[in-house]
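Coordinates in review
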Amino acid sequence: GIGLIASLFNDQINRMLMDRNLFLEREVEARTAELIKAGQAKDEFLANMSHEIRTPMNAITGLVYLLLHTDREDRIAKLQEADIIKRANIEEKISLLQENAAKRRADRIAVLQENLKMAKRLGIEQTMFSTSQSGSAQIEINATSVPPYMYGVKRLEVEIEALKSRTNDAPFIAELRGLQQQLINLELNNA
């Protein structure tokens, strides 16, 4: 009687405890997996951030070292030397950009000349100038879905002449303004 009921009751409680333990073990495994993922994400973030922070911090550390371990004249000489190297690097970049821009301009002229030949062969004389609000013609032919020869002989001739008569390739160099500003900043810092 009572012994059998107690035994069944104990079995029922043991099953409930085992089910509860199994549930809790699964919860612990799931939480552990989440924590491992979070730890990996944290490690990855710190690795990336440490690189992003380490680079400027190395520059600051180097300057502090120079300030603490060199006399004033030596510091000034080293900073001026660094400015000279930086200026030379910027001037070299500008020179390369200008050479590259001159080549791009020459390539653009060659492409437009080929399109001019095509327009003449096809007899496309009509110009398709778009005018600005001031009424002046927009000269440059931009890369669009319309082949340049479709703009006509006159417009192509004007575009080619405009490119040939350019004395400055700065419009072909998007980066040039930033580099020139860096040179100006170097001059101002040394003034």
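The following refers to the structure shown.

**With respect to the overall build of the protein chain**
- Counting its regular elements, the protein chain contains four helices and zero strands.
- Ordered by position from the N terminus, the helices and strands of the protein chain form the series α-α-α-α.
- In the protein chain, which comprises 191 residues, the share counted as buried stands at 16%.

**Some details on helix α3 (residues 153–165)**
- Over its 13 residues, α3 runs 18 Å from end to end, which matches the ideal 18 Å to within 8%, given 1.5 Å per residue.
- For α3, the full list of buried residues reads V153, R155, L156, E159, I160 and L163. Along the axis of α3, the buried residues cluster in a sector spanning 165°; they form a single face.
- Next to the buried residues of α3 lie α2 (72–122).

**Some points on the packing of α2 against α3**
- In the contact formed by α2 and α3, the axes pass within 9 Å of each other and the chain directions differ by 160°. By the angle class used here, α2 and α3 are roughly antiparallel. Like other packed secondary-structure pairs, α2 and α3 cross with a definite hand, here left-handed. Touching R105, R108, I109, L112, Q113, N115, L116, A119 and K120 of α2 are V153, L156, E157, E159, I160, L163 and K164, all from α3.
- Counted by class, the contact of α2 with α3 contains eight nonpolar, two polar and six charged residues.

**Some thoughts on the pattern of salt bridges**
- As enumerated under the stated definition, the model contains six salt bridges in all.
- In this structure, E34 engages R31 in a salt bridge whose closest nitrogen and oxygen atoms are separated by 3.5 Å. A residue pair is termed a helical-turn pair when its members lie 3 or 4 positions apart in one helix, as E34 and R31 do in helix α1 (residues 2–69) at three residues.
- The exposure class of E34 is partly exposed, given its relative accessible area of 46%.
- A relative accessible area of 45% places R31 in the partly exposed class.
- The residue K117 makes a salt bridge to E114 at a minimum N-O spacing of 3.3 Å. Here the residue K117 and the residue E114 both occupy positions in helix α2, the gap between them amounting to three residues, near one helical turn.
- Judged by relative accessible area, E114 falls into the partly exposed class, the value being 45%.
- When salt bridges with common partners are traced through the structure, they connect E27, R31 and E34 into a single cluster.

Calculation notes
Residues numbered from 1 in each chain as written. Predicted model: local features only at pLDDT ≥ 70, side-chain atom pairs only at ≥ 80, totals over all residues. Heavy atoms only, no water. Helix = DSSP H or I, 4+ residues; strand = E, 2+ residues; numbered from the N terminus. Buried < 20%, exposed > 50% of the residue type's maximum accessible area, 1.4 Å probe, protein only. Expected span 1.5 Å × (residues − 1). Arc of directions from axis to C-beta. Contact = heavy atoms within 4.5 Å. Axes fitted to C-alpha atoms, helices over the stretch in contact; angles between N-to-C directions. Parallel < 35°, antiparallel > 145°, perpendicular 65-115°, else oblique. Left-handed = near helix turned anticlockwise from the far one by under 90°. Nonpolar A, V, L, I, M, F, W, Y, C, P; charged D, E, K, R; others polar. Salt bridge = Lys/Arg side-chain N within 4 Å of Asp/Glu carboxyl O.

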